[in-house]
Amino acid sequence: MFVRVKTLASFAAGAALLCAAASHASAADLVTKPEAEAMVKKALVFIKANGKDKAYAEISKKDGQFIDRDLYLVVYGMDAVVRAHGANAKMIGKNLMEIKDVDGKAFVKERVELAKKKTAFWQEYKFTNPVSGNIEPKAMYCQPHEDMVVCGGVYLK
């Protein structure tokens, strides 16, 4: 009986440690707002150094330098047409002005309007996380540049 209780207690302690480690690992896997801002700024430096065409191709690469966990970049023209998309290349060339999230928010339209003010901003909406496949709250950091806006976001958990 004593051995069984001790074994059960050891098992429970081990399970608790495993759960704590798993929750710590998942927290470490989440992209932070400062990381999203840094990635957008890195893309702007790349655009300025290499030109739009090369930058759009690099931003759209699934294994490129502008992908980090669930963080990817999207570049829109001021007409709401997608110029580059790190998670879904099928979106490139599409006008997303009228797209809405599950709550009916026309987030791309709002994003383009905010970008016309020529200052960086954060915007919240709901979107499908490409890693989990679930619709989740998301905050997108966007920085306008010339005739485009470069955006990268974090899923809010």
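Structure first, text after, so check above.
Everything quoted here is computed from the prediction, not taken from an experiment.

(A) The packing of aromatic side chains, seen in detail. This structure, assessed with the given rule, holds five aromatic pairs. Both rings, one in Phe 46 and one in Phe 66, keep their centres 5.6 Å apart while their planes meet at 80°; by these two values the pair is edge-to-face. Here Phe 46, found in helix α2 (residues 33-50), pairs with Phe 66, found in the loop between α3 (52-59) and β1 (73-77); they are 20 residues apart in sequence, far enough to count as distant. On the basis of relative accessible area, Phe 46 is assigned to the buried category, the value being 14%. A relative accessible area of 1% places Phe 66 in the buried class.

(B) Molecular detail of the pattern of salt bridges. Considering all chains together, one arrives at nine salt bridges under this definition. Residues Lys 52 and Glu 146 are paired through a salt bridge, measuring 3.8 Å at the closest nitrogen-oxygen approach. Here Lys 52, found in helix α3, pairs with Glu 146, found in the loop between β4 (135-145) and β5 (148-155); they are 94 residues apart in sequence, far enough to count as distant. Residue classification places Lys 52 among the partly exposed residues on the basis of a relative accessible area of 28%. Within this structure, Glu 35, Asp 68 and Arg 69 form a network of salt bridges that share partners.

(C) How the structure looks around the side chain of Ser 60. Here Ser 60 shows up in the loop between α3 and β1. Of the residues examined, Ser 60 reaches a relative accessible area of 16% and is grouped as buried. Not counting residues within four places of it along the chain, the set of residues in contact with Ser 60 comprises Ala 84, His 85, Gly 86 and Ile 92.

(D) Layout of the pairing of β1. Burial of β1 is extensive: five of the five residues sit out of reach of the surface. What you see with β1 is no split at all: Leu 73, Val 75 and Gly 77 on one side and Val 74 and Tyr 76 on the other are buried throughout. Of the strand pairs in this sheet, β1 and β5 are connected by five bridges, and their pairing is antiparallel. Note that in β5 the partner of Leu 73 across the bridge is Gly 152. Of the pairings in the sheet, the one linking β1 to strand β2 (residues 82-85) comprises three bridges and is antiparallel in character. Of the residues in β2, the one forming a bridge with Tyr 76 is Val 82. Between the end of β1 and the start of β2, which pair antiparallel, lie four residues, with Ala 80 showing a positive phi angle near 75°.

Conventions and cut-offs
- Residues numbered from 1 in each chain as written.
- Predicted model: local features only at pLDDT ≥ 70, side-chain atom pairs only at ≥ 80, totals over all residues.
- Heavy atoms only, no water.
- Phe/Tyr/Trp six-rings, centres within 6.5 Å; stacked < 30°, edge-to-face > 60°.
- Helix = DSSP H or I, 4+ residues; strand = E, 2+ residues; numbered from the N terminus.
- Buried < 20%, exposed > 50% of the residue type's maximum accessible area, 1.4 Å probe, protein only.
- Salt bridge = Lys/Arg side-chain N within 4 Å of Asp/Glu carboxyl O.
- Contact = heavy atoms within 4.5 Å.
- Pairing = 2+ DSSP bridges.

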